[in-house]
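Analysis of the macromolecular model
Here are the chains, one letter per residue:
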Amino acid sequence: MKYETGCTALHRASPRVKLVAALILVTGTALLPRRLGPVYFAPAAVLGGLWLASRMPLRYTLRRLLPAQTFILGIALLSLFSPSARPGFPATVTKSNLCILALLVLGWTTPFPELLQALRRLRLPSVMLTTLALMCRYLPVLAEEARRMERARASRTFSRKRRIAWQNLGAILGRLFVRTADRAERIYLAMCARGWR
Amino acid sequence: MKEEARSAECGVRSEVSLTGEGRSDGGGPRGVAALRVCELSYCYPQGQAALEKVSFSVAPDECIGVLGPNGAGKSTLLLHLNGLLPDRLPKEPNIRVDDQPLVAGTIDLIRQRVGLLFQDPEDQLISASVFEDVAFGPRQLGVGGAELQGLVGRSLGLVGLQGFEGREPHRLSHGEKRRVCLAGVLACGPSVLVLDEPSSGLDPRGRREFKALLRGLPGAKLIATHDLELVVDLCSRVLILDQGRLVAEGPTLSLLSNEELMLAHGLERPHSLLHLHPHG
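Only a predicted model underlies this, so the values are computations on that prediction, with no experimental measurement involved. (Residues numbered from 1 in each chain as written. Chains lettered and ligands numbered in written order. Predicted model: local features only at pLDDT ≥ 70, side-chain atom pairs only at ≥ 80, totals over all residues.)

**Brief notes about the overall build of chain A**
For chain A, the count of helices and strands is 8 helices and 0 strands. Ordering the α and β elements of chain A from the N terminus gives α-α-α-α-α-α-α-α. At 21 Å, chain A has a C-alpha radius of gyration far larger than the 16 Å of a compact globule built from 197 residues. If one aligns the C-alpha atoms of chain A with their principal axes, the spans along those axes are about 60 × 45 × 35 Å. When each of the 197 residues of chain A is scored for burial, the buried share is 17%. The long-range share in chain A, meaning contacts at least 24 apart out of those at least 6 apart in sequence, stands at 75%. (Helix = DSSP H or I, 4+ residues; strand = E, 2+ residues; numbered from the N terminus. Rg over C-alpha atoms; globule rule 2.2 N^0.38 Å. Buried ≥ 20, exposed ≤ 12 C-beta atoms within 10 Å, placed from the backbone. Contact = placed C-beta atoms within 7 Å.)

**Structural notes on the overall build of chain B**
Helices and strands together make up the secondary structure of chain B, namely 11 helices and 10 strands. Buried residues in chain B amount to 43% of all 280 residues. Residue pairs at least 24 apart in sequence account for 64% of intrachain contacts in chain B once pairs closer than 6 positions are excluded.

**A word on the environment of Gly-189 of chain B**
All names here are of chain B. Inspection of the secondary structure puts Gly-189 in the loop between helix H7 (174–186) and strand E7 (192–196). A count of 16 C-beta atoms within 10 Å places Gly-189 in the partly exposed class. In the structure, Gly-189 is positioned 74 residues away from Gly-115 in sequence and 8.0 Å away in space, judged by C-alpha atoms.

**Considerations on the sheet that holds strand E4 (residues 95–97) of chain B**
Residue and element names in this part refer to chain B. Across the sheet, which stays open at both edges, the 4 strands sit in the order E2-E1-E4-E5 with antiparallel pairing between neighbours. The open sheet has two free edges, formed respectively by strand E2 (49–58) and strand E5 (100–101), since each of these has just one partner strand. Alignment of strand E1 (residues 35–43) against E4, held across 3 bridges, turns out to be antiparallel. Bridging from a neighbouring strand, Val-37 pairs with Ile-95 of E4. (Pairing = 2+ DSSP bridges.)

**Considerations on the interface of chain B and chain A**
Taken together, the contact between chain B and chain A spans 25 residues of the former and 20 residues of the latter. Elements represented by at least two residues in the side of chain B that touches chain A include exactly helix H3 (107–113), helix H4 (121–124) and helix H5 (130–140) of chain B. With 4 residues, H5 of chain B is the single largest residue contributor to the side of chain B that touches chain A.

**So, the packing of helix H7 (residues 126–155) of chain A against helix H8 (residues 162–193) of chain A**
Residues and elements named next belong to chain A. Direction vectors running N to C along H7 and H8 enclose 140°, while the axes themselves pass 11 Å from each other. In terms of orientation, H7 lies oblique with respect to H8. H7 and H8 meet at a crossing whose hand is right-handed. Here H7 contributes Leu-142, Glu-145, Ala-146, Met-149, Glu-150 and Arg-153 to the contact with H8, which in turn contributes Asn-168, Ile-172, Arg-175, Leu-176, Arg-179 and Thr-180. Residue classes in the contact of H7 with H8 are distributed as 5 nonpolar, 2 polar and 5 charged. (Axes fitted to C-alpha atoms, helices over the stretch in contact; angles between N-to-C directions. Parallel < 35°, antiparallel > 145°, perpendicular 65-115°, else oblique. Left-handed = near helix turned anticlockwise from the far one by under 90°. Nonpolar A, V, L, I, M, F, W, Y, C, P; charged D, E, K, R; others polar.)

**What about unusual backbone geometry?**
Residue Pro-86 of chain B is bonded to the preceding Leu-85 of chain B through a cis peptide linkage, with omega at -10°. Here Arg-55 of chain A, not a glycine, exhibits a phi torsion of approximately 55°, which is positive. Inspection of the secondary structure assignment puts Arg-55 of chain A in the loop between helix H3 (41–54) and helix H4 (58–80). The exposure class assigned to Arg-55 of chain A is partly exposed, which follows from the 14 C-beta atoms found within 10 Å. Look at Glu-197 of chain B: it is not a glycine, yet its phi comes out positive at around 45°. Among the secondary structure elements, Glu-197 of chain B is positioned in the loop between E7 and helix H8 (204–216).

**Quick notes on helix H2 (residues 74–81) of chain B**
Residue and element names in this part refer to chain B. With respect to burial, H2 is a largely interior element, 7 of its 8 residues being buried. Within the span of H2, buried status applies to Lys-74, Thr-76, Leu-77, Leu-78, Leu-79, His-80 and Leu-81. Positive backbone phi, at 75°, marks Gly-83, one or two positions downstream of H2.

**Quick word on H5 of chain B**
By the criterion of burial, H5 of chain B is predominantly enclosed, with 9 of the 11 residues buried. When we look at burial in H5 of chain B, the residues that qualify are Val-130, Phe-131, Glu-132, Asp-133, Val-134, Ala-135, Phe-136, Gly-137 and Pro-138 of chain B. Among the structural elements, helix H6 (112–121) and H7 of chain A together with helix H6 (145–158) and H7 of chain B are those in contact with the buried residues of H5 of chain B. Gly-142 of chain B, located one to two residues past H5 of chain B, shows a positive phi value of around 85°.

**Notes on the pairing of strand E10 (residues 245–251) of chain B**
All names here are of chain B. Across 6 bridges, strand E9 (residues 237–242) lies against E10 in antiparallel orientation. Following the sheet pairing, Asp-242 is matched in E10 by Arg-245. Taken together, E9 and the strand that follows it, E10, pair antiparallel across an intervening segment of 2 residues, in which Gln-243 is found at a positive phi of about 50°.

**A few points about the pairing of E7 of chain B**
Residue and element names in this part refer to chain B. Of all the 5 residues making up E7, 5 are buried; the element is thus mostly covered by neighbouring parts of the structure. A two-sided burial pattern is seen for E7, the buried positions comprising Val-192, Val-194 and Asp-196 on one face and Leu-193 and Leu-195 on the other. Examined bridge by bridge, strand E6 (residues 114–117) and E7 share 4 bridges and lie parallel to one another. Within E7, the residue paired with Gly-115 across the bridge is Leu-193. Two strands pair when backbone bridges link them, and E7 and strand E8 (residues 220–224) are joined in this way by 5 bridges, in the parallel orientation. Among the inter-strand pairings, Val-192 is bridged to a residue of E8, identified as Ala-220. The parallel pair E7 and E8, bridged by H8, forms a crossover whose chirality is right-handed. (Right-handed = clockwise from strand over helix to strand, strands pointing away.)

Pasting the structure below:
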């Protein structure tokens, strides 16, 4: 999720209010009946309104929704074989997409540090806060490291054979894993040096 | 009793090794060293010796440089000063900070007193915003609310980054990241600053500014580095480590002008001292 410096009313609203509202929307949507019906218009209308108010570009929204479809379709397919034997497929797909849209709007209008601050005020356990903060901090570092390794690999790859490409990818992933483990160790030491227990 | 005997022995040892400066007990006016390391040895888990009987002391407000080739044990030594190594602290302390022994019971206090700046700022900057990162250490000490806000503001002011509280670490330059790390360390109120390669990766201007910043900070400083010009400018005394052993210790100018010694340990005479007489 990416915070975009915008100046809509939603961007300016209190992060805590936004967080609680998003959670209510997600829970409310998830509790809707398993059969698709008119009641689904209520969360869809609210979210549609919020989406318009946040001025999130359509392209950006679709690009963020697309990768989630694999998981959603997987779960929806499983629901077809559930013992309750009621048609849950369209409902599951709609519910999941509405929930993700709620979180996307939240992420689009709220900087991540402010979200963490809100979670801290809502008394989320500090281990979870630290984990979330570390994830937010180190995902770009990891991505940059992967990009550098990929570039270094590309500069020394002289063959277009697919088998070699796959081998290289395996080597990069392995190396990235080892580097990440090393970094995790150093981060832990640096945290201990500042009094982490 | 045994501990006292060991300390006394170390005092004698440093008196012998420190020639010329008259700072033999490592003590300033109060006579208590800010940091005292006594016969520190360490083996890697694979059994290879990393440090062998290293002893030295640092006076309050003294700045000393730790030099040596790659793999000499500099970083390992620095990790010991903060109790990050060895995994199990010995019952007989090898390290004293402000005369407090570094043992399991005092480790939190020592980690507050000894501020450690790591070589790669990416390892040290762990939070999603600059404010959160500088606040990390003080929060562990139970500081919060308006006091924390003030402390973070002051610490950022000390490193020349006023108003950076809301910035995200991954959008800062390398020099700024290093300064934020330093602010995070200073916020804990250390009496000894231990710096691992503080000038690596900085451009000449960044290096100059960071050097000026370090010069202005009070307290004892221990700088492990390959940047000999930084050592000439900031450090009054130098330790040279090689293969885990303390091979030389003395005033910066006389040690760094000794070409034979420098070359023997993978170092070289810095440019600024090329035309200086070793005893001049």
